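Topology and contacts: notes
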Amino acid sequence: MWQLLKQLAKFSIETRKFWFFPVVLALVLIGGFLVVVQSSAIAPVLYAIF
């Protein structure tokens, strides 16, 4: 997993695609958030939103 992130960072720096960092960060944060709240009582509400 870390190698993939390193390769993506290297690619985006070499090709000067700096917009790529916020997109990946947002996807990772949303995914992590959904994994954390999966077992809580808030899960049905969040699944209805997304």
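In what follows, the accompanying structure is described. In this text the structure is predicted, and so the values were computed from the model without any measurement.

Turning our eyes to something else, we now look at helix α1 (residues 2-14). Counted at 1.5 Å a residue, the expected span for α1 with its 13 residues is 18 Å, and the 18 Å between its end C-alpha atoms agrees. Buried residues are scarce in α1, accounting for one of its 13 residues.

A few words now on the packing of aromatic side chains. With the rule as written, the count across this model stands at one aromatic pair. Ring geometry for Trp19 and Phe20: centres 5.8 Å apart, planes at 90°, overall edge-to-face. Given the relative accessible area of 54%, Trp19 is considered exposed. Among the residues examined, Phe20 registers a relative accessible area of 21% and is labelled partly exposed.

Attention shifts here to a nonpolar patch on the surface. Taken together, Ile30, Ile42, Val45, Ile49 and Phe50 make up a surface patch of nonpolar side chains, about 530 Å² in accessible area. Mapping Ile42 onto the fold places it in the loop between α2 (20-36) and α3 (43-49).

Here we take up unusual backbone geometry. The phi dihedral of Arg16 falls on the positive side, at around 55°, and the residue is not glycine. When you line up the elements, Arg16 lands in the loop between α1 and α2. Residue class for Arg16 comes out exposed when judged on its relative accessible area of 62%.

What counts and how
Residues numbered from 1 in each chain as written. Predicted model: local features only at pLDDT ≥ 70, side-chain atom pairs only at ≥ 80, totals over all residues. Heavy atoms only, no water. Helix = DSSP H or I, 4+ residues; strand = E, 2+ residues; numbered from the N terminus. Expected span 1.5 Å × (residues − 1). Buried < 20%, exposed > 50% of the residue type's maximum accessible area, 1.4 Å probe, protein only. Phe/Tyr/Trp six-rings, centres within 6.5 Å; stacked < 30°, edge-to-face > 60°. Patch = residues over 30% accessible without salt bridge, like charges linked within 9 Å, V, L, I, M, F, W, Y side chains within 5 Å. Areas by Shrake-Rupley, 256 points an atom, 1.4 Å probe, with all protein chains shown as cover. Salt bridge = Lys/Arg side-chain N within 4 Å of Asp/Glu carboxyl O.

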